[in-house]
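Each chain is listed here by its residues.
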Amino acid sequence: MITYVATANPGFAPYAMEELRRRIRGTKVSGLAPGETFSFTTGDFDPEQLLKDLRRDEPIFLRHMFPIEAEYDVMNNPDETAATLREYAETLNDRVKGKKIAIQVRKEQGSPFPFASAEGRDVIVPVIERLGGEPAARDADWILSVYASKKKLYLGCSLPRDNLSDWPGGAVRFRKDEELISRAAFKLLEAERAFKLPLDRFSNALDLGAAPGGWTSVLLERGLKVTAVDPAEMDPSLELHPRLRHIRSNAADVSFAPGSFDLLVCDMSWDPHHTARIVSELAPVLSAGGSGIITLKLMYRKPFQSINDLMEDYGHEFDIRKVKQLFHNREEVTMWVKRK
Ligand SMILES: C[S@@+](CC[C@H](N)C(=O)[O-])C[C@H]1O[C@@H](n2cnc3c(N)ncnc32)[C@H](O)[C@@H]1O
């Protein structure tokens, strides 16, 4: 049996725990950082099979996990802590040689662990190099994870795909562009990666609830033509863009010829069931096989029930490909659908 450190968005760990409890017979879950980080065991499952299942059918709220290979009491003494980190890194001998290794160090707020992330990494790097490995921030062969809770220090080494995300704790970071129109743009950029859906594959997008234009600007940058629907104003930097048409209207009141778009995106801040009705009524404007990326607002404090109901609503017109709470989602999840 293997025990994992698992992470979800703040406040959503109870739902990630529930997802795992439903799927893994005999799992034991235990909280670490309240609402966010916890541990779970593989229970009665063969760990390899469990990893395959979790990768194939990813839980919605579980953002990141790594296996615990070593566990120590957390210390606040820098020398002792450094010795412990190095001692663990030494055991990775075979896995490290000739490979790229990402070192990801995280700590719970209030943990006495004496290092910031970069300092912890700097302690481990010389060992990895001496063992013939190449420390790397991205596209690594292995990820060495360190998580310090208030009481314990957990260490593990795993393949990036087995962590569900190759970012530390699944916290996907994008470069902060000075000209960024809204932080909402990060949601679409993250969805593009999470769903492995390069946006430049599409040519003509309908963006519902588009203002002030974060998503629209990403789509324009990728070379798409965009029809943005929102009663609110778009950012002035976009209004004159030659590939943008802004319709200042409620999305319930617009109509287009069938098959006009190959991508529909929707980040409308409205009742999620009304949104589902509007998007479903607009489904014919999407060409057959066209994709939709839609945020589902979780307004009712019962996320599983809300998501199931909404999947049923959308399921009449669309094939639901994936639902995931992305790092940049707050009280919402993001869904990828395809036109039936
Ligand atoms: C979270 S903001 C969208 C942010 C946008 N994705 C971005 O990247 O800048 C939600 C938007 O939905 C719009 N909205 C809400 N209800 C709408 C409706 N019925 N029709 C069209 N837009 C709507 C609001 O005016 C608001 O601008």
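Residues numbered from 1 in each chain as written. Predicted model: local features only at pLDDT ≥ 70, side-chain atom pairs only at ≥ 80, totals over all residues. Heavy atoms only, no water.

- Going by the annotation in an unreviewed UniProt entry, the name recorded for the protein is Methyltransferase domain-containing protein, with Cohnella luojiensis given as the source organism.

## Overview of the side chain of S280
Step number 1: Locating S280 in the fold gives a position in helix α9 (residues 272-281).
Step number 2: On the basis of relative accessibility, which here comes to 15%, the residue S280 falls in the buried class. (Helix = DSSP H or I, 4+ residues; strand = E, 2+ residues; numbered from the N terminus. Buried < 20%, exposed > 50% of the residue type's maximum accessible area, 1.4 Å probe, protein only.)

## So, the site of the ligand
Step number 1: The environment of the ligand is made up of 19 residues, and the closest members are G214, W215, D230, A251 and D267.
Step number 2: Taking A211, its main chain carries an N or O atom lying 3.1 Å from an oxygen atom of the ligand.
Step number 3: Separating an oxygen atom of the ligand from a backbone N or O atom of W215 is a distance of 2.9 Å.
Step number 4: Burial of the ligand by the protein amounts to 83% of the accessible area it has alone, namely 600 Å².
Step number 5: Residue classes in the shell around the ligand are distributed as ten nonpolar, seven polar and two charged. (Near = heavy atom within 4 Å. Polar contact = N/O pair within 3.5 Å; in protein donor to acceptor, adjacent residues only side chain to side chain. Areas by Shrake-Rupley, 256 points an atom, 1.4 Å probe, with all protein chains shown as cover. Nonpolar A, V, L, I, M, F, W, Y, C, P; charged D, E, K, R; others polar.)

## Describing the nonpolar core
Step number 1: One finds F38, F61, L206, L208 and Y314 to be the most contacted residues of the largest nonpolar core, which totals 48 residues.
Step number 2: Viewed by domain, this core spans two of them, domain 1 (3-62) and domain 3 (185-339), each represented by three or more residues.
Step number 3: If sequence neighbours within four positions are ignored, Y314 has contacts with P272, T275, A276, V279, S280, I294, L296, I320 and M335.
Step number 4: Judged by nonpolar contacts, the second largest core, of 29 residues, contains F202, L220, V265 and I293. (Core = buried A, V, L, I, M, F, W, Y, C linked by side-chain atoms within 4.5 Å. Domains from an automatic or database assignment. Contact = heavy atoms within 4.5 Å.)

## Observations regarding unusual backbone geometry
Step number 1: A cis amide bond, omega 5°, links A211 with the succeeding residue P212.
Step number 2: If you trace the backbone, P212 turns up in the loop between β10 (204-208) and α7 (214-221).
Step number 3: Even without being glycine, D139 reaches a positive phi, approximately 50°.
Step number 4: Examined against the element boundaries, D139 turns out to sit in the loop between β7 (134-135) and β8 (142-148).

## Topic: the sheet that holds strand β15 (residues 318-324)
Step number 1: If you trace the seven strands from one edge of the open sheet to the other, you get β12-β11-β10-β13-β14-β16-β15, paired in mixed fashion. Strands at the two margins of the open sheet, each flanked by one partner only, are β12 (244-247) and β15. Recorded for the sheet is a direction-independent mean angle of 15° between the axes of neighbouring strands.
Step number 2: Of the strand pairs in this sheet, β10 and strand β11 (residues 225-229) are connected by five bridges, and their pairing is parallel. Paired with N204 across the strands is K225, a residue of β11.
Step number 3: Its contacts with the sheet place α9 against β10, β13 (261-266), β14 (286-297) and β15, and it is angled at close to 170° to β13. (Pairing = 2+ DSSP bridges. Axes fitted to C-alpha atoms, helices over the stretch in contact; angles between N-to-C directions.)

## Re the pattern of salt bridges
Step number 1: The final tally for this structure, using the stated rule, is 20 salt bridges.
Step number 2: A salt bridge links R130 to E90; the nearest nitrogen and oxygen atoms lie 2.4 Å apart. Note that R130 is positioned in helix α5 (residues 117-130) and E90 in helix α3 (residues 78-90), a separation of 40 residues in sequence.
Step number 3: Across the salt bridge formed by E108 and K150, the nearest N and O atoms sit 3.5 Å from each other. Placement of the pair is E108 in the loop between β6 (100-107) and α5 and K150 in the loop between β8 and β9 (152-158), with a sequence separation of 42 residues.
Step number 4: Where salt bridges share partners, they join K187, D267, K297 and E332 into one cluster. (Salt bridge = Lys/Arg side-chain N within 4 Å of Asp/Glu carboxyl O.)

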